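# Structural features, examined
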Amino acid sequence: MAAVEQRYARALADLVAKGDMEAEPMRADLAKLAALVSASQPLRAVLASPAVPWERKKKLLDVLAQKLKLARLTRNFLLVTAQRDRISYVPGIEKAFEQLLLDQQGIVTADVTSARSLSEAERAALEKELEKHLGRKLRARYRTDPELVGGFRAQVGDQVYDGSIRGRLARLRQALLSA
């Protein structure tokens, strides 16, 4: 994550911590903004263009803020990022903000990949075991990858927990080659 994204996310988290805005509305507003910025190349082009005067850009952003029903602080954030040519960072800022909120709540995010879709009971058991191992609350995102053959692979930050058959076979192969 870029330092710029971290800096802006920290500023927004500070506003939430001070009580200027609730976390959930800010999170929802940022998600809307990030989706808009990611999806609209013409918007990014207009805002980045030195040929378009700031006053016209500001009017456009005000209209967008009204249509998206953004809170006053989020609208101001949008204007500041646009004025400082940082609008393209909004999706990354949204992710960094989300991570800061999770960190404040003591929650870690795990990206779990399994060979097949896991049932709710399997997901609950896996999450319970990972929470026990990590000593923290867990929020998991799931996806499937048939190349794992069986089992699962969980990534929490830089740490990877590989309980897949593919991973076990790779470790067995390495052990046999090094022996």
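Given the structure is predicted, the values throughout are model-derived calculations rather than measurements.

Contact geometry of helix α3 (residues 41-48) with helix α4 (residues 54-68) gives a least axis separation of 10 Å together with a crossing angle of 145 degrees. For the crossing formed where α3 meets α4, the hand is left-handed. Residues Leu-43, Val-46, Leu-47 and Ala-48 of α3 touch α4, and the partners they reach there are Lys-57, Leu-60, Leu-61 and Leu-64. In the contact of α3 with α4, the residues fall into 7 nonpolar, no polar and 1 charged.

With 8 bridges connecting them, strand β1 (residues 107-114) and strand β2 (residues 137-144) associate as parallel partners. Across the sheet, the residue bridging to Val-112 is Tyr-142, located in β2. A crossover links β1 with its parallel partner β2, the connecting element being helix α7 (residues 120-134), and its sense is right-handed.

Moving on, we come to the confidence of the model for the protein. The predicted coordinates of low-pLDDT regions are not to be read in fine detail. Model confidence for the protein is summarised by a mean pLDDT of 89, while 99% of its residues fall at 70 or above. Averaged pLDDT values for the elements of the protein fall to 84 in helix α8 (residues 165-178) and rise to 94 in α4.

Moving on to a nonpolar patch on the surface. Residues Val-149, Ile-165, Leu-169, Leu-172 and Leu-176 make up a contiguous nonpolar surface patch of roughly 490 Å² in combined accessible area. Position of Ile-165 relative to the elements: it lies in helix α8. Overall, Ile-165 belongs to the partly exposed group, its relative accessible area being 34%.

Reading the values: rules and limits
Residues numbered from 1 in each chain as written. Predicted model: local features only at pLDDT ≥ 70, side-chain atom pairs only at ≥ 80, totals over all residues. Heavy atoms only, no water. Axes fitted to C-alpha atoms, helices over the stretch in contact; angles between N-to-C directions. Helix = DSSP H or I, 4+ residues; strand = E, 2+ residues; numbered from the N terminus. Left-handed = near helix turned anticlockwise from the far one by under 90°. Contact = heavy atoms within 4.5 Å. Nonpolar A, V, L, I, M, F, W, Y, C, P; charged D, E, K, R; others polar. Pairing = 2+ DSSP bridges. Right-handed = clockwise from strand over helix to strand, strands pointing away. pLDDT = per-residue confidence, 0-100. Patch = residues over 30% accessible without salt bridge, like charges linked within 9 Å, V, L, I, M, F, W, Y side chains within 5 Å. Areas by Shrake-Rupley, 256 points an atom, 1.4 Å probe, with all protein chains shown as cover. Salt bridge = Lys/Arg side-chain N within 4 Å of Asp/Glu carboxyl O. Buried < 20%, exposed > 50% of the residue type's maximum accessible area, 1.4 Å probe, protein only.

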